[in-house]
Amino acid sequence: MTILKFSGEVAEFYQRYRRGYPAGVLDALVAEFGLAADDAALDLGCGTGQLTLPLAGRTRVAVGMDPEPDMLAQARKAAAGIANVTWLVGADSDVPAVEALLGKEKLGVVTIGQALHWMDRETLFPALHSLVRPGGGIAVITNGAPMWLHDSPWSRALREYLSGWLGQPLVRTCGADQEEQDRYRASLEAAGFTAGETVVEYEDEIDLEFVIGAVYSATPEDRLPKPDERAGFEERLSAAISPHAPFVEPVQVRILTGRKG
């Protein structure tokens, strides 16, 4: 299996240009799981902490866990001055060790934000069942489809440009398509959770810098344009999409929940 490295500069781009989560997402988690000030949260596949940090504002402690140390280094910088958040290097396969550390039924919620497509959900969800308290559970949060997969002129132009650059079509939705959501739901239910869903929608007008940064944040380190090639890459990208400005992106945040009885 090919292992993609989202390290080095990619982690820096991820911290600067990956979109965060609106307050409505956190409100939905609090309502669904009855989160309170004495609860603990685990954000699995946390990246640079876009979801971990707001979780810390709603719970006693939030733990961000990710297999990439460079992502966590950026998260630590972003969390400066926040006392109730901590970070662990680890993947979904390390969840049993988390239970050995914390004990059973110690978490109010486990969040997985735009990361489940990298994980083995068939083993992960049963492993998480004993970690969460009754009434708590798992939230699989899909923070919109990739910006190059929307049905708008600028998005289609971006998709065409990136497909030509990579030499292959861009079709992966990172879990945002209905078929994948249905599979996630079935896996949650098979693991003993009661599934539910909340959707938060909004539009975001972004600029060219954000588009370029978001593309870099989704590109493995060894596939990034070399520093001396970036000006040309960015000029060609700009030429492809700028005639279709403004860049308005519809964002559909899908919150698929699995509550433990």
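Refer to the structure above for everything that follows.
Residues numbered from 1 in each chain as written. Predicted model: local features only at pLDDT ≥ 70, side-chain atom pairs only at ≥ 80, totals over all residues. Heavy atoms only, no water.

### Points about helix α10 (residues 230-241)
How we decide: Helix numbers and strand numbers start at the N terminus; a helix is a DSSP run of H or I with at least 4 residues, a strand a run of E with at least 2. Expected helix span is given by 1.5 Å per residue-to-residue step, counting one fewer step than there are residues. Classification of residues uses two cut-offs on accessible area relative to the type maximum, computed with a 1.4 Å probe and protein chains only: under 20% is buried, over 50% is exposed, and between them is partly exposed. This arc corresponds to the set of directions leading from the helix axis out to the C-beta atoms.
In this model α10 runs 16 Å from its N-terminal to its C-terminal C-alpha over 12 residues, within 8% of the 16 Å that 1.5 Å per residue would give. Buried residues of α10: R230, F233, L237, S238 and I241, and no others. Mapping the buried residues of α10 onto a view down its axis gives an arc of 130°, with all of them on the same face. The exposed residues of α10 that point more than 90 degrees off its buried face are E235 and A239.

### Points about the packing of aromatic side chains
Put simply, the rule reads: Aromatic rings from Phe, Tyr and Trp, taking only the six-membered ring of Trp, are treated as a pair when their centres fall within 6.5 Å; an angle between ring planes under 30 degrees marks them as stacked, one over 60 as edge-to-face, and anything in between as tilted. Two limits define a charge over a ring: the Lys NZ or Arg CZ must be within 6 Å of the ring centre, and within 35 degrees of the ring normal.
One pass over the structure, following the stated rule, counts 8 aromatic pairs. Judged by centre distance (5.5 Å) and plane angle (55°), the ring pair of W154 and F247 falls under tilted. Within this pair, whereas W154 is found in helix α7 (residues 153-166), its partner F247 is found in strand β7 (residues 247-259), the two being separated by 93 residues in sequence. In this pair, the class of W154 matches that of F247, namely buried. A network of ring pairs unites the aromatic residues F13, Y17, Y161, W165, F210, Y216 and F233 as a single cluster. Between the NZ or CZ atom of R230 and the centre of the ring of Y216, over which it lies, the distance is 5.6 Å.

### A word on empty space enclosed by the protein
Spelled out, the test is: Using only the protein atoms, space was sampled on a 1 Å grid; points where a 1.4 Å probe fits but cannot get out form cavities, open sets with protein on both sides within 12 Å along at least five of seven lines form pockets, and lining residues are those with an atom within 4 Å of a point. Grid points are joined across faces, edges and corners, and a volume is the space filled by probe spheres set on the points. For this classification, Asp, Glu, Lys and Arg are treated as charged, while Ala, Val, Leu, Ile, Met, Phe, Trp, Tyr, Cys and Pro are nonpolar and the rest, including Gly, are polar.
Under the definition given, this model contains 1 cavity of 30 Å³ or more. As for the largest cavity, its lining consists of I112, Q114, A115, L116, H117, V140, I141, T142, C174, G175 and Y184. The dominant element in the lining of the largest cavity, judged by the number of residues it contributes, is strand β5 (residues 132-143), at 3 residues. For the lining of the largest cavity, the residue count by class is 7 nonpolar, 4 polar and no charged.

### Some details on the pattern of salt bridges
Stated precisely, the cut-off is as follows: When a carboxyl oxygen of Asp or Glu lies within 4 Å of a side-chain nitrogen of Lys or Arg, that pair is called a salt bridge.
For the structure on display, the rule yields 16 salt bridges. With a shortest N-O distance of 2.8 Å, K104 and E99 are connected by a salt bridge. Among the residues examined, E99 registers a relative accessible area of 17% and is labelled buried. Linking E197 and R185 is a salt bridge whose minimum nitrogen-to-oxygen distance equals 3.8 Å. Note that E197 is positioned in strand β6 (residues 194-206) and R185 in helix α8 (residues 178-190), a separation of 12 residues in sequence.

### Thoughts on the side chain of E249
To keep things clear, this is the line we draw: Any two residues whose heavy atoms approach within 4.5 Å at even a single point are treated as in contact.
Within the fold, E249 resides in strand β7. Beyond its immediate stretch of four places on either side in the chain, E249 contacts R19, A145, M147, H150, W154, Y202, E203, D204 and I206.

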